[in-house]
Amino acid sequence: MQFFSEYVKTQDSILNELKQLEETVREPISTSLWQYNENQLNVLIAGLVKMPIIEGVEVFDKDAQAMFSKKSYNSGSAPLSLFDTTSDLNWTLNGESVFLGTLVLYSSSEVVLDRVLFGFTLIAITAIIKLSILFWLFVWAFDRYLASPLKELMTQVNEVQMSPNMSKRINLSNIENNEISQLQEHMNTMLSTLEMDREQLLENEQAKRNWLEDAVAKRTEDLQVLNKKLEELATRDSLTGILNRGSFFEMAQHLLILSQRQKSPASFLLIDLDNFKRVNDTYGHFVGDKVLIHFTQTIQKSLRKSDLIGRVGGEEFAIFLPDTGNDDAFQLAEKLRKIISHSVLEVDGNVVAYTVSLGVESSEPKDHLIDELFKRADLKLYGAKDKGRDRVEK
Ligand SMILES: Nc1nc2c(ncn2[C@@H]2O[C@H](COP(=O)(O)OP(=O)(O)OP(=O)(O)O)[C@@H](O)[C@H]2O)c(=O)[nH]1
């Protein structure tokens, strides 16, 4: 429909142009006819035929006989549909108009079609140019406002992800106030919240770790105290605080081997409180305990640091004396006996005196077991008891 109306409009326009051409060439053609200047007529008509809208030109005389005829096409390829304009050719003589003939200009539907198509082509080219401009404008705007910021955003998000620095934020360059800037703002807010949460977590974790370390340290300290107590319980006599029987014999055995290796003399004292049953019976068990404590504290003052003392029975004690020969051991035993027999203990207003008997035995090269020394010292002690107590037997 559009095409048809364009066709009609273009045909009218070409008819108008033909009429204007006729107006223009009518006078020179009339002049050439009046003068019958054939050459000039041929030149004029050839010039007209060369014009793109003209398919042919014909000049008829006043009797409608064709005088000149020229076409722009061959007879074999004539246009499908021709149309024309006709105008009279006149000459004015002595004020009177003389009719010389008619001029006919032809055009065709192909000329119209060419022009319509040319028009449409122009419209199409213009549309393509406009579309191209619009497309590149869109591409530029898309890249400027969306693609480039998004690419930069992705790069920075990646950098934030890889960075150990939690205070790193997204900071896009050339950013407009649009959805991308809002996205950047939201992401930065999210990163700040994450950083605060992480700090809070670290603080909580540190507090927990500190608490745990304190708890472990306290527990370790408690365990050490407990271990020490257990060790003491296992190795010490609870009443007097000196070594118990097991620990004493274990350590004395070790010292005996050491002495034998060094070929150094060693002695063993076995001490028993005399008539201790009577002390208990007279003053009570509590006083008896005080006597036992008094005894250990008193004799320890006369011993060397290298001497080993232990409680080996209820009221029976043993002392291992490294690097001590039999005479020295006997002298020490006598000294202890005297100290005890001269000492007085006051408990709850009661004055308690007591004595001890001692057996002294020294090691011989064949002795490798502490039990041997103990047995021999026990025999000596038995002898001391037998001989009336408060004595030392060697
Ligand atoms: N208070 C008190 N008495 C104890 C302890 N261990 C043993 N005894 C007492 O010591 C006494 C030992 O008596 P006996 O074995 O008869 O010997 P003793 O009376 O000392 O007589 P001799 O050894 O022959 O001089 C007993 O009465 C036990 O009850 C103790 O830890 N505390």
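Above: the structure in question.
Residues numbered from 1 in each chain as written. Predicted model: local features only at pLDDT ≥ 70, side-chain atom pairs only at ≥ 80, totals over all residues.

Asks: What should I look at first to understand helix α7 (residues 285-300) in this one?
Replies: For an α-helix the count is 3.6 residues per turn, leaving residues at separations of three or four pointing the same way. Compared with an ideal rise of 1.5 Å per residue, which puts 16 residues at 22 Å, α7 spans 23 Å between its outermost C-alpha atoms and is within 8% of the ideal. Along α7, the residues that are buried comprise G288, K290, V291, L292, F295 and I299. Along its buried surface, α7 packs onto β5 (266-273), α6 (276-283), α8 (326-342), β8 (345-347) and β9 (350-352). (Helix = DSSP H or I, 4+ residues; strand = E, 2+ residues; numbered from the N terminus. Expected span 1.5 Å × (residues − 1). Buried ≥ 20, exposed ≤ 12 C-beta atoms within 10 Å, placed from the backbone. Contact = placed C-beta atoms within 7 Å.)

Asks: What should I look at first to understand the environment of S97 in this one?
Replies: With respect to the helices and strands, the residue S97 is situated in strand β4 (residues 96-108). Once you skip the residues sitting within four places of it in the chain, S97 turns out to touch N90 and T92.

Asks: Teacher, can you tell me more about the sheet that holds β5 here?
Replies: Within a sheet, neighbouring strands are paired by backbone hydrogen bonds and run either parallel or antiparallel to one another. Read from one edge to the other, the open sheet built from 5 strands follows the order β6-β7-β5-β10-β11, with strand pairing classed as mixed. Each end of this open sheet is capped by a strand with a single partner; those strands are β6 (308-311) and β11 (392-393). In the sheet, strand β10 (residues 356-362) pairs with β11 via 2 bridges, with the strands oriented parallel. Paired with L358 across the bridge in β11 is V392. Sheet contacts for helix α5 (residues 245-261): β5, β6 and β7 (316-322); angle to β6, the most-contacted strand, approximately 150 degrees. (Pairing = 2+ DSSP bridges. Axes fitted to C-alpha atoms, helices over the stretch in contact; angles between N-to-C directions.)

Asks: Could you clarify how one ought to interpret the packing of α6 against α7 in this entry?
Replies: Two numbers describe a pair of packed helices, the interaxial angle and the distance between the axes. For the pair α6 and α7, the least separation of the axes is 6 Å and the interaxial angle reads 135 degrees. Considering their axes alone, α6 and α7 lie oblique with respect to each other. Across the interface between the two elements, F276, V279, N280 and Y283 of α6 pack against H285, V287, G288 and V291 of α7. Split by residue class, the contact of α6 with α7 holds 5 nonpolar, 3 polar and no charged. (Parallel < 35°, antiparallel > 145°, perpendicular 65-115°, else oblique. Nonpolar A, V, L, I, M, F, W, Y, C, P; charged D, E, K, R; others polar.)

Asks: I keep staring at the site of the ligand and nothing clicks. Help me out?
Replies: Taken together, 16 residues are adjacent to the ligand, and D274, F276, K277, G288 and G314 come closest. Secondary-structure elements contributing two or more residues to the shell around the ligand are β5, α6 and α7. Considering every element that reaches the shell around the ligand, the biggest residue donor is α7, with 4 residues. (Near = placed C-beta within 6 Å.)

Asks: Got a minute to help me understand the environment of M251 in this structure?
Replies: Here M251 lies in helix α5. In sequence terms M251 and I370 are 119 residues apart; their C-alpha atoms lie 9.7 Å from each other. Contacts of M251, omitting those with residues within four sequence positions, involve L243 and L308.

Asks: Hey, could you run me through the environment of L48 in this one?
Replies: The residue L48 is located in helix α2 (residues 38-49) in this model. By the C-beta count within 10 Å, which is 21 here, L48 ends up buried. Placed 22 residues apart in sequence, L48 and K70 show a C-alpha to C-alpha distance of 9.4 Å.

Asks: Explain the nonpolar core here, please?
Replies: One broad rule of soluble globular proteins: the nonpolar side chains tend to lie buried together. One finds L269, L270, A318 and L358 to be the most contacted residues of the largest nonpolar core, which totals 41 residues. Those elements that place two or more of their residues in this core are α5, β5, α7, β6, β7, α8, β10 and α9 (370-386). If sequence neighbours within four positions are ignored, A318 has contacts with F248, F268, L269, L270, G310 and V312. Core analysis: the second largest hydrophobic core is formed by 17 residues, L33, L48, I54 and V57 among them. (Core = buried A, V, L, I, M, F, W, Y, C linked by C-beta atoms within 7 Å.)

Asks: Looking at this model, I keep getting lost on the packing of helix α1 (residues 2-34) against helix α3 (residues 109-162). Mind explaining?
Replies: With their axes 9 Å apart at the nearest point, α1 and α3 run at an angle of 120 degrees to one another. Here α1 is positioned oblique relative to α3, judged by the angle of their axes. The interaxial crossing formed by α1 with α3 has right-handed handedness. Contact residues: α1 offers F3, E6, Y7, T10, Q11 and I14, while α3 offers V111, V112, R115, V116 and G119. (Left-handed = near helix turned anticlockwise from the far one by under 90°.)

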